[in-house]
Amino acid sequence: MTEHDEIPSMFSGMLGIIRRDLLLAWKRPGDVLNPLFFFAMVAALFPLAIGPSPEQLQFSGPAVLWVAALLAMLLSLNSLFLSDYEDGSLDQMLVSPLPLSALALGKSITHWLTSGLPLVLVSPIVAITFQMPLSVIGVLMLTLMLGTISLSMLGSVGAALTVGLHRGTALLSLLILPMAMPVLIFGARTVSLVAAGDGVAGGLYFLGAYAVLVLSFIPFATAAALRISNE
Amino acid sequence: MTAKLSANELVLFRGERCLINDLSFALDPGGLLLLEGRNGSGKTSLMRAIAGLIEFESGEILWDGKPVRAHRQDFYGSLVWMAHRVGLKADLTLVENLKFEAHLRAQSSEDFDEVLKRLDIDRLKRLPLRSLSAGQQRRVALARMLLSRVPLWLMDEPFTNLDREGRALVMQLTSEHLERGGMCLMAAHQDIEIGGNVQKVVL
């Protein structure tokens, strides 16, 4: 009895979480589609309100798209740990012999795959309504990709801290917005600068470095936050 | 000789209320610790605290003589917890749920079908858990416990929602587990007919 079967590796635990959550997202597509609709709607309504002048559209496009993307990500964060908390799966994850940070990283990766990546893929269609040239659209997608990785990671700490609270959305936004500001500023500005004929490297380097930074530190913070908020 | 699982002078508060005051116990292979008490007396809180989800005010739990807070992974590798909330995904099927568990903790795959048959849930394999009754969902949680093959079972109200055969089955499975040298911590209000080395703690 004392010799038990092999405990799965940390990597297998992470993959297991990713696979399960993708399967759940596939069975309940509403959770994935809602933030996406929000993004597309906000971004598509702005050109109607601004008017048909191409200069104005091109001027405000990057900012509007980035703000809409940030808000859409925030919208989807609340549910990150909520269903696991409510049905007791989170408790089971907490008593797993695998490191909790690996499981938390799996949750964040799935969150990006189901909310960040779809945003990146939809953004060119929305960007066309702002009359963005193709080269700028490419940069927009790149910045969104790096930026949403950071947002998913940062958001998972906020979601972990507020998981036990009812209606924690406002608090969650308040917690992570300060850390998300650099992403918004560099993301939107990089696209604007490229549209104005400037270089792209500086902004992308910053966004990439920020993504690597949060990828390496945040899983531990999320794990600690989960243990605290699950008392 | 230290016991396999022991608790020293546990004190547990929830808010201002002292739930557990100076509780000590020792559990050896083959032993069952039964937690009894009225509703709200703190059985679930104590169970959560033993599982490491709530901090004790003072006192400590030792597994193999080592404090579990410092050796969390050893302890978690040896226990399975059947909590009040089953911790399974309602949108996934029984098999998908149990396969996921195999990613979280050690699980033996060879007697998968046998365990399902024993618990009388082998017909429900392809159904999403949402469409199962509460008692059938408890049986899936039992299947997870049986498949995990770990020495320590933490069971919080294992008889909830189960029919008469189900309750008898839980008692039988527990006795078998104890005979194999396993250990069990159970919170229940029911009368338990399990022989062997049974200790009772009334909260």
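Just so it is clear, the structure is predicted and the values come from calculations on it, not from any experiment.

### Quick word on the overall build of chain A
Here is step 1: The helix and strand tally for chain A stands at nine helices and zero strands.
Here is step 2: Of the regular secondary structure in chain A, the N- to C-terminal order runs α-α-α-α-α-α-α-α-α.
Here is step 3: Its C-alpha atoms give chain A a radius of gyration of 19 Å, near enough to 17 Å, the size a compact globule of 231 residues would have.
Here is step 4: Each principal axis of the C-alpha atoms in chain A carries an extent, and together these give about 75 × 35 × 30 Å.
Here is step 5: Evaluated residue by residue, chain A yields a buried proportion of 45% over its 231 residues.
Here is step 6: Relative to all contacts within chain A whose residues are 6 or more apart in sequence, the contacts with residues 24 or more apart total 81%.

### A short note on unusual backbone geometry
Here is step 1: For A:Gln131, which is not glycine, the phi torsion reads 55° and is therefore positive.
Here is step 2: Tracing the backbone through its elements, the reader meets A:Gln131 in the loop between α6 (100-128) and α7 (134-161).

### Some thoughts on the interface of chain B and chain A
For interface size, the figure often reported is the accessible area lost on association.
Here is step 1: Each side of the interface is counted separately: chain B has 33 residues, and chain A has 29 residues.
Here is step 2: Of all the secondary-structure elements, those providing two or more residues to the side of chain B that touches chain A are α2 (72-76), β6 (79-82) and α3 (94-104) of chain B.
Here is step 3: The element best represented in the side of chain B that touches chain A is α3(B), accounting for five residues.
Here is step 4: Here the side of chain B that touches chain A is built from residues that sort into 17 nonpolar, nine polar and seven charged.

### Observations concerning the confidence of the model for chain B
Regions with low pLDDT carry predicted coordinates that are not meant to be interpreted in detail.
Here is step 1: Per-residue pLDDT for chain B has a mean of 87; in total, 99% of the residues score no lower than 70.
Here is step 2: Considering each helix and strand of chain B separately, the mean pLDDT is smallest for strand β9 (residues 197-202) of chain B, with a value of 83, and largest for strand β7 (residues 152-156) of chain B, with 92.

### A short note on the sheet that holds strand β3 (residues 31-36) of chain B
Residue and element names in this part refer to chain B.
Here is step 1: With parallel pairing, the five strands of this open sheet are ordered in space as β6-β7-β8-β3-β9. The open sheet has two edge strands with one neighbour each: β6 and β9. For this sheet the average axis-to-axis angle between neighbouring strands, irrespective of direction, equals 15°.

### Comments concerning the sheet that holds strand β5 (residues 66-67) of chain B
Where strands meet in a sheet, backbone hydrogen bonds hold them as pairs that are either parallel or antiparallel.
Residues and elements named next belong to chain B.
Here is step 1: The strand order across the open sheet formed by four strands is β2-β1-β4-β5, and the pairing between neighbours is antiparallel. Because the sheet does not close on itself, it has two edges, and the strands there are β2 (17-27) and β5.
Here is step 2: In this structure, strand β1 (residues 5-14) lies alongside strand β4 (residues 58-63), joined through five bridges in antiparallel fashion. Looking at β4, one finds that Val11 is bridged to Ser58.

### What about α7(A)?
Here is step 1: An ideal rise of 1.5 Å per residue puts 40 Å on 28 residues; α7(A) measures up with 40 Å between its terminal C-alpha atoms.
Here is step 2: Most of α7(A) sits out of view: 22 of its 28 residues are buried.

### Here we look at the nonpolar core
Here is step 1: Grouped together as the largest cluster of nonpolar side chains are 119 residues, with contacts concentrated most on A:Leu65, A:Ala69, B:Leu79, B:Ala143 and B:Leu154.
Here is step 2: When residues of this core are assigned to their parent elements, the largest contribution, 14 residues, is made by α7(A).
Here is step 3: Aside from chain neighbours lying at most four places away, what touches B:Ala143 is B:Leu98, B:Val115, B:Leu116, B:Leu119 and B:Ile121.

### Comments concerning the packing of helix α3 (residues 54-77) of chain A against α7(A)
Residue and element names in this part refer to chain A.
Here is step 1: Packing of α3 against α7 leaves a shortest axis separation of 10 Å and a crossing angle of 30°. Relative to α7, α3 is oriented roughly parallel. Here α3 and α7 pass one another in a crossing that is right-handed. In this structure, α3 contributes Pro62, Leu65, Ala69, Leu70, Met73 and Leu77 to the contact, and α7 contributes Leu140, Leu144, Thr148, Leu151, Gly155, Gly158 and Ala159.

Basis of the calculations
Residues numbered from 1 in each chain as written. Chains lettered and ligands numbered in written order. Predicted model: local features only at pLDDT ≥ 70, side-chain atom pairs only at ≥ 80, totals over all residues. Helix = DSSP H or I, 4+ residues; strand = E, 2+ residues; numbered from the N terminus. Rg over C-alpha atoms; globule rule 2.2 N^0.38 Å. Buried ≥ 20, exposed ≤ 12 C-beta atoms within 10 Å, placed from the backbone. Contact = placed C-beta atoms within 7 Å. Nonpolar A, V, L, I, M, F, W, Y, C, P; charged D, E, K, R; others polar. pLDDT = per-residue confidence, 0-100. Pairing = 2+ DSSP bridges. Axes fitted to C-alpha atoms, helices over the stretch in contact; angles between N-to-C directions. Expected span 1.5 Å × (residues − 1). Core = buried A, V, L, I, M, F, W, Y, C linked by C-beta atoms within 7 Å. Parallel < 35°, antiparallel > 145°, perpendicular 65-115°, else oblique. Left-handed = near helix turned anticlockwise from the far one by under 90°.

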